[in-house]
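# A look at the structure
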Amino acid sequence: MNNRERIQKRIERDKARREAKRKAFNSQYDDYCKVFDFEHLWESGRKCCNGVRWKASVQRWEAYLLTNVSAAYKELQSMNFQKHSGDFCCFDLYERGHLRHIRSLKISERSVQKALCDYALVPVLSRSHIYDNGATMKGKGITFTEKRLTEHIRRFVGKMGPVNALRNGYIVQYDFRHFFDNASHDVLKRIIHKNFMDERLVFTIEKFIDDFGKRGLGLGSQISQVLALTLADKLDHEIKDRMGMKFYGRYMDDGYVLCANKNEARAVMNRIHEICRELDIEINEKKTRIVKFSRGFRFLKVFYRTTETGKIIRTTNHAGIKRMRQKLRKFRRRFDAGRMTLESIEMALEAWFAHCRRADTYWTRMSMLARFHLMFPESEAFFCRKTDVEKNIRNAQEFVHRWKEAHEQTDPFWDRIHMIHDYREYRKKEIENGLLQVSFRRCCS
């Protein structure tokens with residue numbers, strides 16, 4: 001036996017050992033009766049009510065929780081639950097100009113799917129996910145993905161050097177077109193048959209998949225999120241493990257790869273197209289591209305660029321700032337007409353502040369905060385500590401009073417926009433003169 005044969009035998013033994021370990025782990029969750037145990041259905045039913053108890057349908061269902069869970073348990077044990085599945089509540093949503101067709105589940109089926117996901121699909125399928133797959137799973141999300149991307153950029157620049165990274169570095173960005181709508185059922189079923197052996201469990205999972213039609217998955221159910229996340233798992237391992245690209249991450253249908261040169265980036269791009277054809281995933285050619293690292297790139301609505309000193313600068317999308325300014329004008333009209341409360345407006349602005357904190361947007365938030373208080377002098381919320389509220393209100397009211405006296409007119413809300421520049425200059429002078437004791441960084445950090 002030569003050296004090559006010994007290496008091949010070792011690879012086969014390692015592969016067999018990993019396969020045996022995988023089957024032993026999956027056997028803990030590959031049992032229809034254990035997955036749909038009465039206690040699991042009870043716990044899943046209670047969890048499904050969290051956050052939606054304001055709905056009348058959820059209140060009625062939870063009022064008879066024991067009876068409903070007992071009925072679902074009997075139907076599942078007799079394999080008669082399938083007659084209730086596929087009954088969706090359909091509606092459309094417009095998200096940043098894109099039409100999203102939502103197919104939400106009723107609470108009775110949602111509790112069963114949650115038990116299936118929590119006690120079978122998630123522990124089995126998530127075991128093969130790479131660490132930098134940041135969507136849906138517990139402990140991960142957009143914040144996790146952004147932190148990993150920032151860490152990858154820092155390591156990439158540290159490995160190559162800031163000047164060399166800006167000169168020779170490239171980034172591959174890809175995006176899947178209609179990821180949920182075009183998900184292949186055949187590929188998903190192959191993944192299910194590979195990980196589960198119980199015929200009743202496989203039949204139930206396939207029935208939930210087929211409820212969405214001949215192709216695609218519906219937005220609005222947990223099983224769609226879990227299966228869609230696993231659909232491109234082969235692509236993750238191909239780039240991360242076989243190609244050895246360390247600086248790679250994916251968030252559902254968006255991904256990035258940091259490459260040392262253009263030839264490496266082209267090889268990665270070609271491999272992405274090959275794997276996507278195998279998985280029957282359609283690539284969005286408009287958003288899939290190779291970008292020079294020195295130009296910067298946008299990922300998850302945040303723009304990243306690196307300076308020659310290695311500093312990473314993150315800025316938010318300008319279109320989002322423009323939309324928020326338009327919203328404030330719209331909110332003012334609705335507030336004057338009595339169709340919107342001040343509390344809801346403050347909540348909307350606070351949500352936008354939380355979104356902007358993802359990037360380096362301190363002065364952007366300061367400008368928007370000044371714009372808000374000049375358009376809504378009725379508000380007493382400055383999104384800061386309670387001890388600073390009175391000082392902020394007094395300073396803002398004093399400036400507005402001075403501005404009115406200087407212009408000798410009562411300013412309507414659309415004219416207050418012109419006060420923004422004067423307001424910021426006033427605050428700067430107050431800080432320079434030591435008259436203003438409230439720190440902007442304490443207000444919105």
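Everything in this summary refers to the structure shown in the same document. These figures come from a predicted structure and were not determined experimentally. (Residues numbered from 1 in each chain as written. Predicted model: local features only at pLDDT ≥ 70, side-chain atom pairs only at ≥ 80, totals over all residues. Heavy atoms only, no water.)

Check the secondary structure of the protein chain and you find 19 helices and nine strands. Out of the 445 residues in the protein chain, the part that is buried amounts to 45%. For the protein chain, contacts bridging at least 24 residues in sequence account for 72% of all contacts bridging at least 6. (Helix = DSSP H or I, 4+ residues; strand = E, 2+ residues; numbered from the N terminus. Buried < 20%, exposed > 50% of the residue type's maximum accessible area, 1.4 Å probe, protein only. Contact = heavy atoms within 4.5 Å.)

Right, let's get into the layout of surface pockets. Quantified by volume, the second largest pocket comes out at close to 1200 Å³. Among the secondary structure elements, those contributing two or more residues to the lining of the second largest pocket are helix H1 (3-26), helix H6 (107-125), helix H9 (185-195), helix H11 (222-231) and helix H12 (233-242). A per-class count over the lining of the second largest pocket returns six nonpolar, five polar and 14 charged. (1 Å grid on protein atoms, 1.4 Å probe; cavity = no way out; pocket = protein on both sides within 12 Å on 5 of 7 lines; lining within 4 Å. Points joined across faces, edges and corners; volume = space filled by probe spheres on them. Nonpolar A, V, L, I, M, F, W, Y, C, P; charged D, E, K, R; others polar.)

So, on to the sheet that holds strand E5 (residues 254-259). With antiparallel pairing, the four strands of this open sheet are ordered in space as E4-E5-E3-E6. Among the strands making up the open sheet, the edge pair consists of strand E4 (248-251) and strand E6 (289-292). In this sheet, neighbouring strand axes are inclined to one another by 20° on average, regardless of whether the strands run parallel or antiparallel. In terms of strand pairing, strand E3 (residues 170-175) meets E5 through six bridges, oriented antiparallel. (Pairing = 2+ DSSP bridges. Axes fitted to C-alpha atoms, helices over the stretch in contact; angles between N-to-C directions.)

Looking now at unusual backbone geometry. In this model, histidine 178 sits at a positive phi of 50°, which is unusual for a non-glycine residue. Here histidine 178 shows up in the loop between E3 and H9. Assessed through its relative accessible area of 45%, histidine 178 is described here as partly exposed. The phi dihedral of methionine 252 falls on the positive side, at around 55°, and the residue is not glycine. Relative to the helices and strands, methionine 252 resides in the loop between E4 and E5. Of the residues examined, methionine 252 reaches a relative accessible area of 8% and is grouped as buried.

With that settled, consider the nonpolar core. Of all hydrophobic cores here, the largest spans 91 residues; its most connected members are Leu116 and Leu121. At nine residues, the largest contribution of residues to this core is made by H6. Judged by nonpolar contacts, the second largest core, of 16 residues, contains Met324, Trp352, Cys356 and Met375. (Core = buried A, V, L, I, M, F, W, Y, C linked by side-chain atoms within 4.5 Å.)

Sheet strands associate in pairs through backbone hydrogen bonding, adopting either a parallel or an antiparallel arrangement. Reading across from one edge, E7-E8-E9 is the order of the three strands in this open sheet, with antiparallel pairing throughout. Of all strands in the sheet, those bounded by a partner on one side alone are strand E7 (297-299) and strand E9 (312-316). If you compare each strand with its neighbour and ignore which way they point, the axes differ by 30° on average. In this sheet, E9 lies alongside strand E8 (residues 302-306) in antiparallel orientation, the contact comprising five bridges. Note that in E9 the partner of phenylalanine 303 across the bridge is threonine 315. On top of the sheet, helix H7 (residues 142-160) reaches E7, E8 and E9; it is set at about 15° to E8, its chief contact.

Before going further, it helps to examine empty space enclosed by the protein. A full pass over the atoms with the stated rule returns three cavities of 30 Å³ or more. Its boundaries defined by the atoms lining it, the second largest cavity holds a volume of some 50 Å³. Lining the second largest cavity are Phe176, Arg177, His178, Phe179, Asn182, Ala183, Ser184, Leu231, Leu279, Asp280, Ile281 and Glu282. For the lining of the second largest cavity, the per-class residue count stands at six nonpolar, three polar and three charged.

The geometry of helix H14 (residues 318-337) relative to helix H16 (residues 362-375) is characterised by a closest axis approach of 11 Å and an angle of 10° between their N-to-C directions. Relative to H16, the element H14 is oriented roughly parallel. Contact residues: H14 offers Ile321, Met324, Arg325, Leu328, Arg329 and Arg332, while H16 offers Thr364, Met368, Arg371, Phe372 and Met375. Considered class by class, the residues forming the contact of H14 with H16 number six nonpolar, one polar and four charged. (Parallel < 35°, antiparallel > 145°, perpendicular 65-115°, else oblique.)

Compared with an ideal rise of 1.5 Å per residue, which puts 15 residues at 21 Å, helix H15 (residues 342-356) spans 21 Å between its outermost C-alpha atoms and is within 8% of the ideal. Turning to H15, its buried residues number three or more, namely Leu342, Ile345, Glu346, Leu349, Trp352, Phe353 and Cys356. Projected down its long axis, H15 carries its buried residues within an arc of 120°, all on one side. Exposed residues lying more than 90 degrees from the buried face of H15 are Glu343 and Met347. (Expected span 1.5 Å × (residues − 1). Arc of directions from axis to C-beta.)

What follows covers the packing of aromatic side chains. Taken as a whole, this structure holds 14 aromatic pairs when the rule is applied. A ring pair is formed by phenylalanine 156 and phenylalanine 293, whose centres lie 5.3 Å apart and whose planes are at 65°; its orientation type is edge-to-face. Taken together, the positions of phenylalanine 156 in helix H7 and phenylalanine 293 in the loop between E6 and E7 put the pair 137 residues apart, joining distant regions of the chain. Given a relative accessible area of 3%, phenylalanine 156 falls into the buried group. With a relative accessible area of 3%, phenylalanine 293 lands in the buried category. Over the ring of phenylalanine 25 we find arginine 127, and its NZ or CZ is 4.5 Å from the ring centre. (Phe/Tyr/Trp six-rings, centres within 6.5 Å; stacked < 30°, edge-to-face > 60°. Lys NZ or Arg CZ within 6 Å of the ring centre and 35° of its normal.)

On to the pattern of salt bridges. Note that side chains of opposite charge can pair when their charged atoms are close. Summed over all chains, the structure comprises 20 salt bridges. Between arginine 271 and glutamate 238 there is a salt bridge; the shortest N-O distance is 2.8 Å. Linking arginine 271 in helix H13 (residues 262-278) with glutamate 238 in helix H12, this pair joins segments that are 33 residues apart in sequence. Among the residues examined, glutamate 238 registers a relative accessible area of 8% and is labelled buried. Linked by salt bridges that have partners in common, Glu238, Arg242, Arg271 and Glu274 make up one network. (Salt bridge = Lys/Arg side-chain N within 4 Å of Asp/Glu carboxyl O.)

Let's shift gears to the side chain of aspartate 175. Relative to the helices and strands, aspartate 175 resides in strand E3. In this structure aspartate 175 is buried but unpaired, with lysine 287 as the nearest side chain of opposite charge at 4.7 Å. (Lys, Arg positive; Asp, Glu negative; His and termini not counted.)

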